[in-house]
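This is what each chain is made of:
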Amino acid sequence: MVKEIAAGTGRRKTAVARVRLFPGSGQWKVNDVAIENYIHSDAMRQYLSQPFALTGLEGKYDVAVSAKGGGISGQSGAIRHGLSRALIAMDASLREVLKKAGCLTRDARMKERKKPGQPGARKRFQFSKR
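Thresholds, definitions, all that
Residues numbered from 1 in each chain as written. Predicted model: local features only at pLDDT ≥ 70, side-chain atom pairs only at ≥ 80, totals over all residues. Heavy atoms only, no water. Phe/Tyr/Trp six-rings, centres within 6.5 Å; stacked < 30°, edge-to-face > 60°. Helix = DSSP H or I, 4+ residues; strand = E, 2+ residues; numbered from the N terminus. Buried < 20%, exposed > 50% of the residue type's maximum accessible area, 1.4 Å probe, protein only. Salt bridge = Lys/Arg side-chain N within 4 Å of Asp/Glu carboxyl O. Contact = heavy atoms within 4.5 Å.

Novice: Is there a simple way to explain the packing of aromatic side chains in this structure?
Specialist: The way to describe two aromatic rings as a pair is by their centre distance and the angle between their planes. Scanning the model with the defined rule gives 1 aromatic pair in all. The interplanar angle of 80 degrees and the centroid separation of 6.0 Å between the aromatic rings of W28 and F52 together place this pair among those described as edge-to-face. Pair noted here: W28 is in strand β3 (residues 28–30) and F52 is in helix α3 (residues 50–55), with a separation of 24 residues, a long-range link. When sorted by exposure, W28 lands in the same class as F52, which is buried.

Okay, here's the thing in structure tokens:
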């Protein structure tokens, strides 16, 4: 078994991703499944591998991810955030590049809760004067 180089935890919406980096050839595993089978969209895969593209480290590390909660979009954002944090744990000089690109910002936008006695978070029942 290969020794882990760095780890990072990322969050987005209700999703949480634990990202671990290993020396390797650029293979991705998300919940023990190849990334192509887990995240079908090419655009989404490109988005979550953005930290590697920005730092020029594509294909140098294997990535193992444990993602829970939310959907594919939320998990992709969480993986990107966790990968950025793992890269900084490995090499602190990458922080400036990742910070400027917005990879270290925890996107806090969440679904607003439904209020009691109402049909939705903001929606109200129609007002009737009589």
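Novice: Could you clarify how one ought to interpret the pattern of salt bridges in this entry?
Specialist: Side chains bearing opposite charge may pair, as long as their charged atoms lie close to each other. Applying the stated criterion across every chain yields a total of 6 salt bridges. Salt-bridge contacts for R20 lead to E4; the nearest nitrogen and oxygen are separated by 3.6 Å. Remark: E4 occurs in the segment before β1 (6–12) and R20 occurs in strand β2 (residues 15–23); sequence separation between them is 16 residues. Overlapping salt bridges, with partners in common, bring together R12, D107 and R109 in one network.

Novice: I keep staring at the environment of S76 and nothing clicks. Help me out?
Specialist: Along the chain, the position of S76 falls in helix α4 (residues 72–90). Taking the relative accessible area as the measure of exposure, S76 reaches 0% and is therefore buried. Leave out the neighbours within four places in its chain, and S76 touches I39, M44, Y47 and L48.

Note that every value here comes from positions in space, so none of it alone points to a role or purpose.
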